[in-house]
Amino acid sequence: MSTLKKRFADLNPQKMANLKVAALCFLAAATFWVLNALNKDNYTTVVDFPIEIIFDEEEFMAVEKLPNRIKVEINGNGWDLLRKYFKINEAPFLIEINNPSTKNYILTSDVRRTLAESISPTGLVSMVTDTIKFNVDKIVTRKIKILPDTAVNTLAKNHRLVGKMEIDPDIVNIKGPTSILQALDGVLKVSLGEDKINKSFNKILPLESPEAFKEFLTLEEESVHIKFEVIQMLEGNKRLKIKTMNFPNNVSLASDIGTVIMSYLIDERKIDELGNFEFKAVLNYNNRNREDSTIKVQVSPKPGFLENIKFEPEIFKLQYENP
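Quantities reported herein were computed from a predicted structural model and do not represent experimental measurements.

The rules behind each value
Residues numbered from 1 in each chain as written. Predicted model: local features only at pLDDT ≥ 70, side-chain atom pairs only at ≥ 80, totals over all residues. Heavy atoms only, no water. Helix = DSSP H or I, 4+ residues; strand = E, 2+ residues; numbered from the N terminus. Buried < 20%, exposed > 50% of the residue type's maximum accessible area, 1.4 Å probe, protein only. Contact = heavy atoms within 4.5 Å. Areas by Shrake-Rupley, 256 points an atom, 1.4 Å probe, with all protein chains shown as cover. Core = buried A, V, L, I, M, F, W, Y, C linked by side-chain atoms within 4.5 Å. Polar contact = N/O pair within 3.5 Å; in protein donor to acceptor, adjacent residues only side chain to side chain. Pairing = 2+ DSSP bridges. Axes fitted to C-alpha atoms, helices over the stretch in contact; angles between N-to-C directions. Salt bridge = Lys/Arg side-chain N within 4 Å of Asp/Glu carboxyl O.

**Student:** Give a detailed account of the overall build of the protein, specifying residues and quantitative values.
**Tutor:** Along its length, the protein carries five helices and 21 strands. Buried positions account for 31% of the 323 residues belonging to the protein. Put simply, of all contacts in the protein between residues at least 6 apart along the chain, 74% involve residues at least 24 apart. In the structure as shown, the protein presents an accessible area of about 21,500 Å², 49% of it carried by carbon and sulfur atoms.

Below, the structure written as structure tokens:
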């Protein structure tokens, strides 16, 4: 680069002026050549031609982005081809479809004649794209069931739902494309807006379509009222005496343990009823495991308000004496 600069520096003003004139002549000649070439006919090239698929948007909806270009081979004047190649001031070719939900494609051969007329004076040589595919569904209105979105952590630890959730309205009308409505499978889940709920719930919640489908669906209702009662299950434990049943004279327990610890969860509303029961840890010989000669503990009585009942120890080994 330094050598080149040095050579230009050594040129006298007359030589520099001559170089500028030569450069301008070359530029002018190149410009005339390009302009002359563009004025000629019978050039051929492949371009992405703009299209617009139109249909009755009151009755149908596209569920995927519609194609907006097709490849075509054209020939004609250089200026015309240049404008189309660089997409200068080009209006899209309109393709009207009367019932797009019954067929998800059209053949470009079906629109070739109309397209050829619309791009005149440029000539249409061939349709490089042979098929235009689209995904358009009919718009319908369906009834859909409203359900709360109850995840694993909806309720706090050791809390239970009492009875059924009250949902008003529990069924609403929803409008949208058929395939999107089918994807919902007849159910619209509503977020409760909180988790680890430990008290009764009574809220009016916004009713919204799933995020992925919002642009496609319209709901008749804007909100839903959800109400339910929650109770706490309290942890407890008791030491129980062992009661054996149906044991033959030659069978006994392999250990001399006389009690077991029973742990449980109890409905907080039933605490006072717990004192009405005298619990025992029952070992029923008829329920033994014949393969390993063991027997599991069962509690008697077993009221319905006790849950997650566990014993320590839970299993006893049997021993047999020779008759």
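**Student:** Describe in detail the nonpolar core, supporting the description with residues and values.
**Tutor:** Within the largest apolar cluster, 24 residues are counted, with the highest numbers of intra-cluster contacts made by Ile146, Leu207, Val224 and Ile226. For this core, the element with the highest residue contribution is strand S14 (residues 223-245), accounting for four residues. Beyond its immediate chain neighbours, meaning those up to four positions away, Leu207 contacts Ile146, Val172, Leu188, Val190, Leu219, Glu221, Glu222, Ser223 and Val224. Judged by nonpolar contacts, the second largest core, of 22 residues, contains Phe49, Ala62, Ile70 and Met127.

**Student:** Residue-level account of the side chain of Asn158, with values.
**Tutor:** Looking at the secondary structure, you find Asn158 in the loop between strand S8 (136-148) and strand S9 (159-168). Side chain to side chain, Asn158 and Glu235 meet in a polar contact 3.1 Å long. Beyond its immediate sequence surroundings of up to four residues, Asn158 is in contact with Ile231, Gln232, Met233, Glu235 and Leu265.

**Student:** Describe in detail the sheet that holds strand S15 (residues 251-253), supporting the description with residues and values.
**Tutor:** Spatial ordering of the open sheet is given by S15-S21-S18, a layout of three strands whose pairing is antiparallel. The open sheet has two edge strands, S15 and strand S18 (294-296), and neither has a second partner. Taking the axes of each pair of neighbouring strands and ignoring which way they run, one obtains an average angle of 35 degrees across the sheet. Inspection of the sheet shows S15 paired to strand S21 (residues 315-320) by three bridges, in the antiparallel sense. Residue pairing for S21: Leu253 is matched across the bridge by Leu318.

**Student:** With reference to specific residues and values, describe the pattern of salt bridges.
**Tutor:** On inspection of all chains with the given rule, the structure shows eight salt bridges. Residue Lys203 pairs with Glu194 through a salt bridge whose shortest N-O separation is 2.6 Å. Between Asp267 and Arg269 there is a salt bridge, with the nearest N and O atoms lying 2.7 Å from each other. Residues participating in the shared-partner salt-bridge network are Glu208, Glu211 and Lys214.

**Student:** Quick rundown of the environment of Val282? Include the residues and the values.
**Tutor:** Assignment of secondary structure puts Val282 in strand S17 (residues 280-284). Each C-alpha atom, one on Val282 and one on Ile295, is 9.9 Å from the other, the two residues being 13 residues apart in sequence.

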